[in-house]
Amino acid sequence: MSRIQGRFEALAKAKRKALIPYITAGDPHPSLTVPLMRGLVEAGADILELGVPFSDPMADGPVIQRAGERALKHGVGLSDVLRFVIEFRTSDSNTPIVLMGYANPIEAMGVEKFVGAAKAAGVDGVIVVDYPPEECEQFAAMAKKAEIDPIFLLAPTSTDKRIEQVGRVGSGYLYYVSLRGITGASNIDLGDVALKIPKIRAATRLPIGVGFGIRDAASAKRVAQSADAVVIGSRIIQEIEAGAADQAVSRVKAFLKPIREALDA
């Protein structure tokens, strides 16, 4: 059983929903990535999504793009991200970590080398935005063999065929993108989510996480009524941007704690 599967099963038994925050590795400074990861766990995160900085993102809105640009200015690349995971694992061997990014850095490293390095570092899952599930069954199989969950995105426009394919090839959980657009583009359509989730559940037994547009405790709680997890990224990056670098950890913790409390209420 993977750490991700184990975490979702434990949460289901406790009748709790997963809180999955996202940060970009290296933002606002490489020295703060691991402290931020630890702070998020202290504030109630169940799974961490760690973004791999990339110069030409397709799905990221302006907020996460700026985070990636700041990280890239510090020279942070995929190898550095794996080192952050290794450092985090020296004090936390339980919290699942999912890397989220794009194919180019993985292809540049070499897929087989990446999978081996990710396993050695303690990575539990990987979301590669531009790896379509129909075209990367070999990668998914390689990841699963290394006990790393390949996690895929679904959107409001996903067809029944795409939903079935993602449920078959993916593992860990499914990431439902609640918006027709980029991250942080607008507020989430809670009614649309409530209608879409049952349709996805009919095609897969994997837990369903919802992201792209959750901005506060109220929207997180509404999403959790139908989903198994809420994913929050852009709003966390905004908290990091809003203060000095040395305030990043405290600001992020202060933002996340009320959301954890709302989900558990």
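The structure presented is a predicted model; accordingly, all values stated were derived computationally and were not measured.

K.L.:
What am I meant to see in the overall build of the protein here?
P.N.:
In terms of helices and strands, the protein carries twelve helices and nine strands. Over its C-alpha atoms the protein spans a radius of gyration of 17 Å, differing by no more than 12% from the 18 Å that the globule rule assigns to 265 residues. Its C-alpha atoms give the protein principal-axis dimensions of about 45 × 40 × 35 Å. Here the protein holds 265 residues, and the buried ones make up 57% of them.

K.L.:
Sorry if this is basic, but what is going on with the packing of aromatic side chains here?
P.N.:
According to the stated counting rule, one finds four aromatic pairs in the structure shown. Judged by centre distance (5.4 Å) and plane angle (25°), the rings of Phe 54 and Tyr 102 are stacked. Remark: Tyr 102 occurs in the loop between β3 (97–101) and α5 (103–109) and Phe 54 occurs in the loop between β2 (48–51) and α3 (62–73); sequence separation between them is 48 residues. By relative accessible area, which is 18% here, Phe 54 ends up buried. Accessibility expressed as a relative area gives 5% for Tyr 102, which makes it buried. Each ring, one from Tyr 175 and one from Phe 212, has its centre 5.9 Å from the other, and the planes form 90°; the classification is edge-to-face. Of this pair, Tyr 175 sits in strand β7 (residues 174–177) while Phe 212 sits in the loop between β8 (208–211) and α10 (217–224), placing them 37 residues apart in sequence. You can call Tyr 175 buried: its relative accessible area is 4%.

K.L.:
Before we go on, may I ask you to explain the pattern of salt bridges in this structure?
P.N.:
When the charged atoms of two side chains with opposite charge come close together, those side chains can pair. Considering all chains together, one arrives at 17 salt bridges under this definition. For the salt bridge of Lys 253 with Glu 42, the shortest nitrogen-to-oxygen distance reads 2.7 Å. Of this pair, Lys 253 sits in helix α12 (residues 248–264) while Glu 42 sits in helix α2 (residues 33–42), and the two are 211 residues apart along the sequence. Put simply, Arg 251 and Glu 239 hold a salt bridge, and the shortest N to O gap is 3.3 Å. Taken together, the residues Arg 251 in helix α12 and Glu 239 in helix α11 (residues 234–241) connect sequence positions twelve residues apart.

K.L.:
Explanation requested: the packing of α10 against α12 in the structure shown.
P.N.:
Packed helices, taken two at a time, are described by the angle their axes make and the gap between the axes. The geometry of α10 relative to α12 is characterised by a closest axis approach of 9 Å and an angle of 35° between their N-to-C directions. In terms of crossing hand, the pair formed by α10 and α12 is right-handed. Across the interface between the two elements, Ala 217, Ala 220, Lys 221 and Ala 224 of α10 pack against Pro 258, Ile 259, Ala 262 and Leu 263 of α12. Split by residue class, the contact of α10 with α12 holds seven nonpolar, no polar and one charged.

K.L.:
Looking at this structure, how should I read the environment of Gly 61?
P.N.:
As for its position among the elements, Gly 61 is in the loop between β2 and α3. Residues Gly 61 and Phe 212, spaced 151 residues apart in sequence, show a C-alpha to C-alpha distance of 9.7 Å.

K.L.:
Explain helix α6 (residues 111–121) here, please?
P.N.:
Each full turn of the α-helix corresponds to 3.6 residues, which orients residues three or four apart in the same direction. For α6, the full list of buried residues reads Val 111, Phe 114, Val 115, Ala 118 and Ala 121. Seen end-on, α6 carries its buried residues on one side only, within an arc spanning 135°. For α6, exposure combined with an orientation more than 90 degrees from the buried face picks out Glu 112, Lys 113 and Ala 120. Just downstream of α6, Gly 122 is the residue with a positive phi angle, here 105°.

Parameters and conventions
Residues numbered from 1 in each chain as written. Predicted model: local features only at pLDDT ≥ 70, side-chain atom pairs only at ≥ 80, totals over all residues. Heavy atoms only, no water. Helix = DSSP H or I, 4+ residues; strand = E, 2+ residues; numbered from the N terminus. Rg over C-alpha atoms; globule rule 2.2 N^0.38 Å. Buried < 20%, exposed > 50% of the residue type's maximum accessible area, 1.4 Å probe, protein only. Phe/Tyr/Trp six-rings, centres within 6.5 Å; stacked < 30°, edge-to-face > 60°. Salt bridge = Lys/Arg side-chain N within 4 Å of Asp/Glu carboxyl O. Axes fitted to C-alpha atoms, helices over the stretch in contact; angles between N-to-C directions. Left-handed = near helix turned anticlockwise from the far one by under 90°. Contact = heavy atoms within 4.5 Å. Nonpolar A, V, L, I, M, F, W, Y, C, P; charged D, E, K, R; others polar. Arc of directions from axis to C-beta.

Just geometry here; none of it tells us what the structure is for.
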